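Fold and contact review
Listed below, chain by chain, are the residues.
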Amino acid sequence: MSKNNCLKYYLFVLGCQMNVSDAQRIAKVLDNCGFKQTNKETAADIIIIVACSVRQSAIDRIYGKNRVWQQLKKKKKLLLVLTGCLLTVDQNKMSKIFDVIFDIDDLKNLPKLLHLKTKKSSDNGSYLSVTPKHSNNFQVYVPISTGCNNFCSYCVVPYTRGREISRPSKDIIKECQNLIDHGFKEITLLGQNVNSYGHDLKNDLTFPKLLQKINGLAGDFWLKFITSHPKDMSDELIEIVSISKKVCEYIHLPVQSGDNEILKKMNRGYTKEHYLNLIKKIRKKIPQAAISTDVIVGFPGETKKQFEQTVKLIKEVKFAMAYISQYSPRSQTKANLLKDDIPKKEKKKRKQILNNIINKTSFAYNKKLVNKTIEILVHKRSNKTRYYFGKTKTERHVCFPSPDDLIGQFVKIKITKAHAFCLEGKLIAK
Ligand code: SAM
Ligand code: SF4
Ligand code: F3S
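Described in the following lines is the structure provided in the data block. Residue indices follow the written sequence of each chain, beginning from 1 at its first position. Each chain is given a letter, starting from A, and each ligand a number, starting from 1, according to the order in which they appear as written. It should be noted that, the model being predicted, local features are given only for residues of pLDDT at least 70 and side-chain atom pairs only at 80 or more, the latter also being counted only at that level, while totals for whole chains, interfaces and linings use all residues. To obtain the side-chain values, all non-hydrogen atoms of the structure were used and water was disregarded.

Between Ile226 and the following residue, Thr227, the backbone shows a cis peptide bond with an omega angle of 0°. Along the chain, Thr227 turns up in the loop between strand E10 (222-226) and helix H8 (235-243). Even without being a glycine, Asn203 presents a positive backbone phi close to 55°. As for its position among the elements, Asn203 is in the loop between strand E9 (186-190) and helix H7 (207-215). Here Asn203 falls in the exposed class, since its relative accessible area comes to 83%. Starting at the N terminus, helices and strands are each numbered in turn, a helix being any DSSP run of H or I of at least four residues and a strand any DSSP run of E of at least two. Only protein chains enter the accessibility calculation, which uses a 1.4 Å probe; a residue whose area is less than 20% of its type maximum is buried, one above 50% is exposed, and one in between is partly exposed.

So this is what it looks like as structure tokens:
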């Protein structure tokens, strides 16, 4: 590995938007070293894995892919680099496979770890101050905090990402202003517990006030945020979302279970009643809001009766979308001390039951949009057809035909047909 400028790197990214955002920072650091990004892993000299540990399946994918990487390594000089959300136990096991393992907080030292010379010297401070290599010029993630203090009994995040650290609001606002000045149309603020932003800062803004400030920046853009925790969903936040024009009426509010005993065992810090009351408040203040959620089925000891409570809640709330996961035991977590006693087949069945309800509620939500004219941000175009794909403020997927180049623009679409998870329409105005 002598000359940096002819080397290629490939990013294999697992997990949530936070990892996608981190991968964009890794790309920037490697670009600054003179590397070229490739989307063909067979062409790469370095493969960087950005790991997720939230479920065992994500870890298994790394072992699955490793067979391919080891074959590649026999044919050429290849450096395997591992980072992302990892538990020590997995990191130790993987140390035999990977040439370099680094903590994402140590991103600025990556060139040194790879024995490379940087073209530009890196700045000081958190790795979040590294400017990301954005994947397009209209949609962007802006992490506002990392880590989590909640210690939900099933979750690895407080162990893999550590305690919650919020970025100073002035840095976030400056970054947003710069993105808007460069024409970005959709900013999504990221945090594992985005609405607890600022709890660790002294004399800085709270999350609702931060939203309000960014909403007040001049420019034509949308502002989204994920993921909100029900215990931090204040009346003030609901009010700010309802009155701030650029803040999208989309609220992702994971409930995880509809049974109070399970919620307690999960250490979620709220009850089903509290959650339902929040939904009521959101619907009252923001009637057009799309509310989505996350649910875990088959948590240790979850009886059929307790699962029925979740079914009831999911039916009652009529979510626009939900991400249903089968409980996956994770080492270091408290729930790992409990017996993973719900058989795989039963977990799968429970997941299917909830997905069937979500199919119906999402379809019902979409059907109400037929004949309405809605603004969308155009994301991409099919290579084969002239169909474009975009998203509404409420994260509804919309497709429509057009001969023009519209990627990255806001356009008005008249919805003509609804499906469970997408809408069809025709272009009304650019
Ligand atoms: N901070 C968010 C919250 O409080 O809901 C969620 C972040 S977590 C990284 C994303 C989702 O993964 C969770 O909402 C949960 O549904 C799922 N998840 C986390 N740990 C899990 C586990 N051990 N087994 C199955 N799903 C899990
Ligand atoms: Fe994990 Fe709970 Fe933190 Fe979400 S709030 S990241 S589920 S510990
Ligand atoms: Fe996974 Fe880390 Fe996100 S564990 S879900 S990539 S915060």
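What follows continues from the structure just given.
We call a residue near a molecule or strand whenever a single non-hydrogen atom of that residue lies within 4 Å of it. Around ligand 3, the neighbouring residues are Gly15, Cys16, Asn19, Cys52, Ser53, Val54, Cys85, Arg161 and Gln192. Under this grouping Gly is polar, as are all residues other than the nonpolar Ala, Val, Leu, Ile, Met, Phe, Trp, Tyr, Cys and Pro and the charged Asp, Glu, Lys and Arg. Of the residues assigned to the shell around ligand 3, the class counts are four nonpolar, four polar and one charged.

Any two of the Phe, Tyr and Trp rings considered here, Trp counted by its six-membered ring, make a pair once their centres fall within 6.5 Å; the pair's planes then place it as stacked at under 30 degrees, edge-to-face at over 60, or tilted in between. Inspection of the entire model under this criterion finds 10 aromatic pairs. Ring centres of Trp69 and Phe98 lie 6.4 Å apart, and the angle between their planes is 65°; on these two criteria the pair is classed as edge-to-face. Of the two residues, Trp69 sits in helix H2 (residues 56-75) while Phe98 sits in the loop between helix H3 (88-94) and strand E5 (100-101), which places them 29 residues apart along the sequence. Ring geometry for Trp222 versus Phe410: centroids 4.8 Å apart, planes at 40°, classification tilted. With Trp222 in strand E10 and Phe410 in strand E17 (residues 410-418), this pair connects stretches of sequence that are 188 residues apart. We note that Trp222, like Phe410, is buried. Aromatic rings pair up to connect Phe12, Trp69 and Phe98 into one cluster. By definition, being over a ring means that NZ of Lys or CZ of Arg is both within 6 Å of the ring centre and within 35 degrees of the ring normal. Between Lys367 and the ring centre of Phe363, over which it is positioned, the NZ or CZ distance is 4.5 Å.

It is worth spelling out the pairing of strand E16 (residues 397-401) at this point. Along any regular strand the residues' side chains alternate between the sheet's two faces. The sheet contact formed by strand E15 (residues 387-392) and E16 spans five bridges and is antiparallel. Paired with Gly390 across the bridge in E16 is Val398. A strand pair is defined by DSSP finding two or more bridges across the two strands. Across two bridges, E16 lies against strand E18 (residues 423-429) in parallel orientation. When the sheet's bridge partners are listed, Val398 is paired in E18 with Leu423.

Sheet strands associate in pairs through backbone hydrogen bonding, adopting either a parallel or an antiparallel arrangement. With parallel pairing, the three strands of this open sheet are ordered in space as E11-E12-E13. Either end of the sheet is taken by a strand with one partner, and the two such strands are strand E11 (250-252) and strand E13 (321-326). Each neighbouring strand pair of the sheet contributes to a mean axis angle of 10°, computed without reference to strand direction. Direction of pairing for strand E12 (residues 290-297) relative to E13: parallel, over a ladder of six bridges. For Asp294, the partnering residue across the bridge sits in E13 and is Tyr323. Packed on one face of the sheet, helix H12 (residues 344-367) meets E12 and E13 and runs near 175° to E13. Interaxial angle, 0 to 180 degrees, is taken between N-to-C directions of lines fitted to C-alpha atoms, where a helix line uses only the stretch in contact. Working rule for contacts: check all heavy atoms of both residues, and any pair within 4.5 Å makes them a contact.

Patches here are clusters of residues that have more than 30% relative accessible area and form no salt bridge, with a 9 Å joining cutoff for like charges and a 5 Å cutoff for nonpolar side chains (Val, Leu, Ile, Met, Phe, Trp, Tyr). Values of accessible area rely on a 1.4 Å probe in the Shrake-Rupley scheme; residue burial ignores everything except the protein chains shown. The term salt bridge refers to a pairing of a side-chain nitrogen on Lys or Arg with a carboxyl oxygen on Asp or Glu at a separation within 4 Å. In this tally, Asp and Glu contribute negative charge and Lys and Arg positive charge; neither His nor the terminal groups of the chain are included. The atom standing in for a charge is NZ when the residue is Lys, CZ when it is Arg, CG when it is Asp and CD when it is Glu. Together, Arg283, Lys318, Lys368 and Lys372 line one region of the surface with positive charge. Looking at where Lys368 falls in the secondary structure, it is placed in the loop between H12 and strand E14 (373-381). Assessed through its relative accessible area of 62%, Lys368 is described here as exposed.

Taken in spatial order, the three strands of this open sheet run E6-E9-E10, and their pairing is parallel. Here the strands that pair on one side only, and so sit at the sheet edges, are strand E6 (139-143) and E10. With direction set aside, neighbouring strand axes in the sheet form an average angle of 25°. Here helix H1 (residues 17-32) sits on the sheet and contacts E6, E9 and E10; the angle it forms with E6, its principal contact strand, is near 100°. Helix H6 (residues 169-181) rests against E6 and E9 of the sheet, and its axis sits at about 170° to E6.

With 24 residues, H12 ought to run about 34 Å at 1.5 Å a step, and its terminal C-alpha atoms sit 34 Å apart, in line with that. Looking at H12, one finds that the buried residues are Glu346, Lys347, Arg350, Leu354, Ile357, Ile358, Thr361, Ser362, Tyr365 and Asn366. Looking at the buried side of H12, the elements it contacts are E12, helix H11 (304-317), E13, E17 and E18. Expected helix span is computed as 1.5 Å times (number of residues minus one).

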